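Spelled out, the chains give:
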Amino acid sequence: MTRLLPYPFLSLFLLAVWLLLNQSVSPGHLLLGLTVGIAGGLAISTLQIPTGRVHRPLAMVRLAFIVLYDIIRSNIAVARIVLTPGRKAKSGFMTIRLDLSNQYALAILACIITSTPGTVWVNFDSTKSVLLIHVLDLVDEQTWTNLIKNRYERLLMEIFE
């Protein structure tokens, strides 16, 4: 059974999405939805997704609140830049050397940086562990380095490493 349904919850989710999108539970849509669900589960199983382990779940909750606060704060800062007449932002690229090595932690850091208004994850050189980001209002590079290393990287290392 696990060969046909390696990810049963994913297959059920895909079936439910199929039925919701088509707004029908007719036998034809049930059959097509089952086909999509089974095919999706089998397709994901071929990717051989490595398993990850969270070491400190409470640190994950703390990180979520920090990120939410930073996103709200960045929205306000970007709105001020955009809506204030005559205000020029000094944007630029900067590099940060990271200590993170866990691929899940790096992926989450990429999501955090890119989802925060005014910052974009541009590149990560895994051989040198150097992150390249673009910042809309780059006043002080050391402030950004401290923010990413102390607020995000430290917690991500607690969670994953």
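Below or above, wherever it landed, is the structure these notes cover.

1. As for helix α1 (residues 8-22)
When the terminal C-alpha atoms of α1 are compared, their 21 Å separation across 15 residues agrees well with the 21 Å that a helix rising 1.5 Å per residue should span. Among the residues of α1, S11, L15 and L19 are the ones counted as buried. Down the axis of α1, the smallest arc covering the buried residues is 70 degrees, so these residues share one side. The outward face of α1, more than 90 degrees from its buried face, is lined by the exposed residues F9, F13, L20 and L21. Buried residues along α1 sit against α2 (27-45). Q23 sits one or two positions beyond α1 and adopts a positive phi of about 50 degrees.

2. Digging into the pattern of salt bridges
Pairing between side chains of opposite charge can happen when the charged atoms of each approach one another. Tallying each qualifying case throughout the model produces eight salt bridges. For R62, the salt bridge is made with E158, and the minimal N-O distance between the two is 3.5 Å. Taken as a pair, R62 in helix α3 (residues 57-83) and E158 in helix α5 (residues 141-160) lie far apart in primary sequence, 96 residues in all. Among the ionic pairs, R73 bridges to D70, the shortest N-O distance being 3.5 Å. Of this pair, R73 and D70 are both found in helix α3, three residues apart, which corresponds to roughly one turn of the helix. Owing to a relative accessible area of 38%, R73 belongs among the partly exposed residues under this scheme. When its relative accessible area of 1% is taken as the criterion, D70 is described as buried. Sharing partners across several salt bridges, the network here consists of R56, R62, R154 and E158.

3. Notes on the sheet that holds strand β2 (residues 119-125)
Spatially, β1-β3-β2 is the arrangement adopted by the three strands of the open sheet, whose pairing is antiparallel. Two strands in the sheet have a free side with no partner beyond their single neighbour: β1 (92-97) and β2. When strand polarity is set aside, the average angle formed by the axes of neighbouring strands in this sheet is 25 degrees. As defined by bridge partners, β2 adjoins strand β3 (residues 130-135) across six bridges and the pair is classed as antiparallel. Considered in β3, the bridge of T119 is made with V135. Where helix α4 (residues 103-115) meets the sheet, it contacts β2 and β3, and its direction lies at approximately 150 degrees from that of β2. Across the sheet, α5 lies against β1, β2 and β3, angled at about 45 degrees from β1, the strand it touches most.

4. Here we look at the layout of surface pockets
Taken as a whole, the largest pocket encloses approximately 350 Å³ of empty space. For the largest pocket, the lining is made up of 21 residues, of which R73, S74, A77, P117 and W144 are closest to its centre. Broken down by secondary-structure element, the contributors of at least two residues to the lining of the largest pocket are α3, α4, β3 and α5.

So, how was this worked out
- Residues numbered from 1 in each chain as written.
- Predicted model: local features only at pLDDT ≥ 70, side-chain atom pairs only at ≥ 80, totals over all residues.
- Heavy atoms only, no water.
- Helix = DSSP H or I, 4+ residues; strand = E, 2+ residues; numbered from the N terminus.
- Expected span 1.5 Å × (residues − 1).
- Buried < 20%, exposed > 50% of the residue type's maximum accessible area, 1.4 Å probe, protein only.
- Arc of directions from axis to C-beta.
- Contact = heavy atoms within 4.5 Å.
- Salt bridge = Lys/Arg side-chain N within 4 Å of Asp/Glu carboxyl O.
- Pairing = 2+ DSSP bridges.
- Axes fitted to C-alpha atoms, helices over the stretch in contact; angles between N-to-C directions.
- 1 Å grid on protein atoms, 1.4 Å probe; cavity = no way out; pocket = protein on both sides within 12 Å on 5 of 7 lines; lining within 4 Å.
- Points joined across faces, edges and corners; volume = space filled by probe spheres on them.

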